Amino acid sequence: MHRKSVFTVALFWGVASLGTLGIALGATAEAKQSESANLQLGETGNSGVSGTAALRDVEGGVEATLDVQGLPEEGVEHINHFHEGGTCADVEDGENVPVTIPLDPISANEDGTGSATTVIENVTLGQLFDRTQQRIILVHDEAYEGEGVPPAISCTDVDAA
C-alpha cells in the first residue's frame with residue numbers, strides 16, 4: 001500500500017560547531033512514500049577528511065552512499081560502519097563505540113576522493129534514526145595487517161536531531 005506523500009529529511013552537521021544542526025522537511029501529494037537524509041561527515045582527529053552520507057529508503061532496506069574527499073593516499077581502502085552507543089564527540093575523546101552495521105569500503109582515488117554505496121537490508125530509515133540509541137557513521141583510516149580497527153578519520157552523528 002502506498003502513502004500519498006513524500007517526506008524528505010535533510011540533516012546538516014556543522015564541522016566547526018558540533019552543535020549546529022538544521023532540519024528541512026518537505027511534502028508532496030500524489031507520490032509514494034520515500035524518505036531520505038543527507039548527513040555531513042566531518043573530519044576526525046585533524047584528518048582533513050570530510051564528505052556526505054546520503055541515506056534513503058529503497059525496496060527491502062536503506063541505501064547508504066558515502067562520498068568523501070581529503071583521503072591521503074590513492075588506492076587505499078577505508079572501512080566504514082554504523083556504530084551504536086556513542087557520538088562523534090565520544091570518538092574524538094578516544095571512546096570505543098561498537099560497530100553495528102558494516103558498510104562497503106571506500107577506495108581512495110588519485111584526487112583524494114572516494115565513494116561507496118551499500119544497501120542495508122531489512123531496515124528502514126526510521127529505524128536507523130530511532131532515538132533510543134545514539135548512532136554514528138565512521139570512516140576509518142587505512143587498515144594495517146595484524147592491527148585492530150584503524151582510527152576514525154571522518155564521522156557524523158546519525159540521530160542528533
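Refer to the structure presented above.
Values in this document were obtained by computation on a predicted structure and should not be read as measured data.

Here we look at the overall build of the protein
- Looking only at helices and strands, one finds two helices and ten strands in the protein.
- When its helices and strands are written in sequence order, the protein yields β-β-β-β-β-β-α-β-β-α-β-β.
- The proportion of buried residues among the 161 residues of the protein is 40%.
- Contacts in the protein between residues far apart in sequence, at least 24 positions, make up 60% of those at least 6 positions apart.
- When the accessible area of the protein is evaluated, it comes to approximately 8,800 Å², of which 48% is carbon and sulfur surface.

Section: the nonpolar core
- Core analysis: the largest hydrophobic core is formed by 26 residues, its most contacted members being Leu55, Phe82 and Ile137.
- Listing elements by their share of this core, those giving two or more residues are β3 (36-43), β4 (50-58), β5 (61-69), β7 (99-107), β8 (114-121), α2 (125-128) and β9 (135-140).
- Contacts of Leu55, omitting those with residues within four sequence positions, involve Glu35, Ser36, Ala37, Leu39, Val62, Glu63, Ala64, Phe82, Leu125, Phe129 and Ile137.
- Residues Val91, Ile136, Leu138 and Cys155 belong to the second largest nonpolar core, which totals seven residues.

What about unusual backbone geometry?
- Notably, Asn46 is not glycine yet its phi reads approximately 55°, a positive angle.
- Here Asn46 lies in the loop between β3 and β4.
- Of note in the backbone geometry, Asn122 takes a positive phi value of approximately 60° without being a glycine.
- With respect to the helices and strands, the residue Asn122 is situated in the loop between β8 and α2.

Let's talk about a negative patch on the surface
- Residues Glu43, Glu92, Asp93 and Glu95 make up a contiguous surface patch of negative charge.
- Tracing the chain through its elements places Asp93 in the loop between α1 (88-92) and β7.

Let's talk about the pattern of salt bridges
- Applying the stated criterion to the full structure yields two salt bridges.
- The partner of Arg135 in a salt bridge is Glu84, with the nearest N and O atoms 3.1 Å apart. You can see Arg135 sitting in strand β9 and its partner Glu84 sitting in strand β6 (residues 77-84), a full 51 residues away along the chain.

Observations regarding the pairing of β9
- Most of β9 sits inside the fold, with six of its six residues counted as buried.
- Of the two faces of β9, the one lined by Arg135, Ile137 and Val139 and the one lined by Ile136, Leu138 and His140 are each fully buried.
- As defined by bridge partners, β6 adjoins β9 across five bridges and the pair is classed as antiparallel. Counterpart to His81 in the pairing with β9 is Leu138.
- Pairing analysis gives five bridges linking β9 to strand β10 (residues 152-157), with the strands arranged antiparallel.

The rules behind each value
- Residues numbered from 1 in each chain as written.
- Predicted model: local features only at pLDDT ≥ 70, side-chain atom pairs only at ≥ 80, totals over all residues.
- Heavy atoms only, no water.
- Helix = DSSP H or I, 4+ residues; strand = E, 2+ residues; numbered from the N terminus.
- Buried < 20%, exposed > 50% of the residue type's maximum accessible area, 1.4 Å probe, protein only.
- Contact = heavy atoms within 4.5 Å.
- Areas by Shrake-Rupley, 256 points an atom, 1.4 Å probe, with all protein chains shown as cover.
- Core = buried A, V, L, I, M, F, W, Y, C linked by side-chain atoms within 4.5 Å.
- Patch = residues over 30% accessible without salt bridge, like charges linked within 9 Å, V, L, I, M, F, W, Y side chains within 5 Å.
- Salt bridge = Lys/Arg side-chain N within 4 Å of Asp/Glu carboxyl O.
- Lys, Arg positive; Asp, Glu negative; His and termini not counted.
- Charge placed at Lys NZ, Arg CZ, Asp CG, Glu CD.
- Pairing = 2+ DSSP bridges.

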